[in-house]
Amino acid sequence: MKYDFDKIYDRKNTGCLKWDEMKHIFGKDDLIPLWIADMDFPIAEPIKEAIKNRADHPFYGYTQAKESLLEAICNRLENKFNWKIDPEWIVFTPGVIPALNYAIRSIAYPGDGIILQEPCYHPFFPTIKNSGCQVVNNQLKLINCHYEIDFDGLKSLLKSESGRISHYKPIKSMIFCNPHNPVGRVWTKEEITKVGEIALENDLKIISDEIHSEILFNNNKHTSFATISPEFEQNSIVCISPSKTFNIPGLNISSIIIPNDKLRKEFISAQLGLPSPNLFAYTAFEAAFRYCDDWLEEVLEYLHGNLNLLIDYVDKFENVALIKPEGTYLIWLDFRGLNMDGATLNSLLKDNAGVALEEGSIFGESGNGFMRMNIAIPRPLLKIALEKIDFALKSL
Ligand SMILES: Cc1ncc(COP(=O)(O)O)c(C=O)c1O
């Protein structure tokens, strides 16, 4: 291994949300942070070098993506996911969440319905509501510790009054999270095909959030929504980003691939002249996509080791189950067997075990009794956290 991911860095007082915001969010600053999706691993050297080189150039003017970045994105999508795109389809935004906001505003009018699949990444809720739209839940089904899409439920939502949520308000779009945060599913080609066909039959635009597409376990293969067929491609807005894969979320950049000319023009006009990413973000993006695959390979291997460690511990925990992830480093843990209300469970983990996890209920009502754990931390620290949870559970 070239990188030492066991090393514990002091990130406190660096303006780091994960460590410095704990006091505000959890009421304590001495917890082991296993919450927000940010890895406690140092970034790949080529990213740092590229930023330093760019910083040395004495001009920090208005910036746009260089041709070489567009080329790096096109090459990566083709090599990794067999998706051949036209560089013209790429729109840059300062993150996926801003992109979801623009996408919804460009597709829907206030009052229209936007489908999500709960439990789902919690910022999807305000993103929909802040656009004046309504959240429509096509809840995932939990069958034998495995989450599945409720296709019949999706069809019936769209068929009820011909896809209307009231007499006059239609359902316009679906945020399709693949790989899915927090349940860790990497949707199969068959599942994606079914969703996409239902969408085409019902004039439903798919916003495919593929931010976690390169964090995969075992032989799971990510299929990008748009690669299924030219019709799917034309009916989708696909969000990709280097931020999760290469751990640079603080740089705020993502690339949104919109093959359909009309959808792209409408998306761009919904951006309302709001800021584009800054020059260091573009620089880091290109370095990440071109030169950091050895780092990524090591991170994936390390995460796999962390997952195995967690699985061993959860096997020992009484009344706690793990939803085995196919992708993402965010693990969905089922504490319902403890029969505790949310406040008691929170207090057990926070006050007794000294760890900060994300409470399941923020991902939707079906998340009650679950917790989301971020395992992208140095293994020695993860081990301490798991020992502490073990101790707290045994003390019950
Ligand atoms: C599914 C998903 N979408 C979007 C985001 C946030 O993306 P960004 O920081 O680019 O806005 C996250 C962050 O964890 C995520 O898990």
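Residues numbered from 1 in each chain as written. Predicted model: local features only at pLDDT ≥ 70, side-chain atom pairs only at ≥ 80, totals over all residues. Heavy atoms only, no water.

### What to know about the site of the ligand
Logical step 1: Around the ligand sit A37, G95, V96, I97, P98, Y121, C177, N181, D209, I211, H212 and K244, and those are all the residues in its vicinity.
Logical step 2: Take V96: an N or O atom from its main chain is 2.7 Å from an oxygen atom of the ligand.
Logical step 3: Against a free-state accessible area of 400 Å², the protein chains account for coverage of 89% of the ligand.
Logical step 4: Considering every element that reaches the shell around the ligand, the biggest residue donor is helix 5 (residues 96–107), with three residues.
Logical step 5: Taken together, the residues that form the shell around the ligand break down as seven nonpolar, three polar and two charged. (Near = heavy atom within 4 Å. Polar contact = N/O pair within 3.5 Å; in protein donor to acceptor, adjacent residues only side chain to side chain. Areas by Shrake-Rupley, 256 points an atom, 1.4 Å probe, with all protein chains shown as cover. Helix = DSSP H or I, 4+ residues; strand = E, 2+ residues; numbered from the N terminus. Nonpolar A, V, L, I, M, F, W, Y, C, P; charged D, E, K, R; others polar.)

### Details of helix 8 (residues 189–201)
Logical step 1: Across its 13 residues, helix 8 extends 18 Å between first and last C-alpha, which sits within 8% of the 18 Å expected from 1.5 Å per residue.
Logical step 2: Of all the residues in helix 8, the buried ones are E191, I192, V195, G196, I198 and A199. When helix 8 is viewed along its axis, its buried side chains cluster within an angular range of 160° and face the same direction. Turned more than 90 degrees away from the buried face of helix 8 sit K189, E190 and E201, all of them exposed. (Expected span 1.5 Å × (residues − 1). Buried < 20%, exposed > 50% of the residue type's maximum accessible area, 1.4 Å probe, protein only. Arc of directions from axis to C-beta.)

### As for the nonpolar core
Logical step 1: The biggest cluster of nonpolar side chains holds 86 residues, and the ones touching the most others in it are I73, F92 and I257.
Logical step 2: In terms of residue count, the dominant contributor to this core is helix 12 (residues 293–316) (eleven residues).
Logical step 3: In this structure, this core is formed jointly by two domains, domain 1 (17–44 + 293–394) and domain 2 (60–291), each of which donates at least three residues.
Logical step 4: Setting aside chain neighbours within four positions, we find F92 in contact with A65, L69, L70, I73, I253, S254, S255, Q271, P277, Y282 and F285. (Core = buried A, V, L, I, M, F, W, Y, C linked by side-chain atoms within 4.5 Å. Domains from an automatic or database assignment. Contact = heavy atoms within 4.5 Å.)

### Here we look at the sheet that holds strand 15 (residues 370–374)
Logical step 1: If you trace the four strands from one edge of the open sheet to the other, you get 11-12-15-14, paired in antiparallel fashion. Strands at the two margins of the open sheet, each flanked by one partner only, are strand 11 (321–323) and strand 14 (358–359).
Logical step 2: Sheet topology places strand 11 next to strand 12 (residues 330–334); three bridges connect them, and they run antiparallel. Within strand 12, the position partnered with A321 by the bridge is D334.
Logical step 3: Those strands touched by helix 12 are strand 11, strand 12 and strand 15, and its axis lies near 150° from that of strand 11. (Pairing = 2+ DSSP bridges. Axes fitted to C-alpha atoms, helices over the stretch in contact; angles between N-to-C directions.)

### Quick look at the pattern of salt bridges
Logical step 1: Taken as a whole, this structure holds 22 salt bridges when the rule is applied.
Logical step 2: Note that D293 is salt-bridged to R76, the shortest N-O span being 2.8 Å. Of the two residues, D293 sits in helix 12 while R76 sits in helix 4 (residues 67–81), which places them 217 residues apart along the sequence.
Logical step 3: Owing to a relative accessible area of 33%, D293 belongs among the partly exposed residues under this scheme. (Salt bridge = Lys/Arg side-chain N within 4 Å of Asp/Glu carboxyl O.)

### Describing the side chain of N247
Logical step 1: Tracing the backbone through its elements, the reader meets N247 in the loop between strand 9 (236–240) and strand 10 (254–257).
Logical step 2: Here N247 falls in the buried class, since its relative accessible area comes to 10%.
Logical step 3: Polar contacts involving the side chain of N247 include one to the main-chain carbonyl oxygen of F41, which spans 3.1 Å.
Logical step 4: Ignoring anything within four residues of it in the chain, the contact list for N247 reads D38, M39, F41, I43, P242 and W295.

### A closer look at the packing of aromatic side chains
Logical step 1: A full pass over the atoms with the stated rule returns 20 aromatic pairs.
Logical step 2: Ring geometry for Y60 and F280: centres 5.4 Å apart, planes at 85°, overall edge-to-face. In this pair, Y60 sits in the loop between helix 3 (45–56) and helix 4 while F280 sits in helix 11 (residues 279–291), placing the two residues 220 residues apart along the sequence.
Logical step 3: Among the aromatic residues, those joined into a ring-pair cluster are Y3, F5, F41, F92, F246, Y282, F285, F289, W295 and Y302.
Logical step 4: For R76, the ring lying beneath its charged end belongs to F289, and the centroid distance is 4.9 Å.
Logical step 5: Note that K316 overlies the ring of Y313, its terminal NZ or CZ placed 4.3 Å from the centroid. (Phe/Tyr/Trp six-rings, centres within 6.5 Å; stacked < 30°, edge-to-face > 60°. Lys NZ or Arg CZ within 6 Å of the ring centre and 35° of its normal.)

Just geometry here; none of it tells us what the structure is for.
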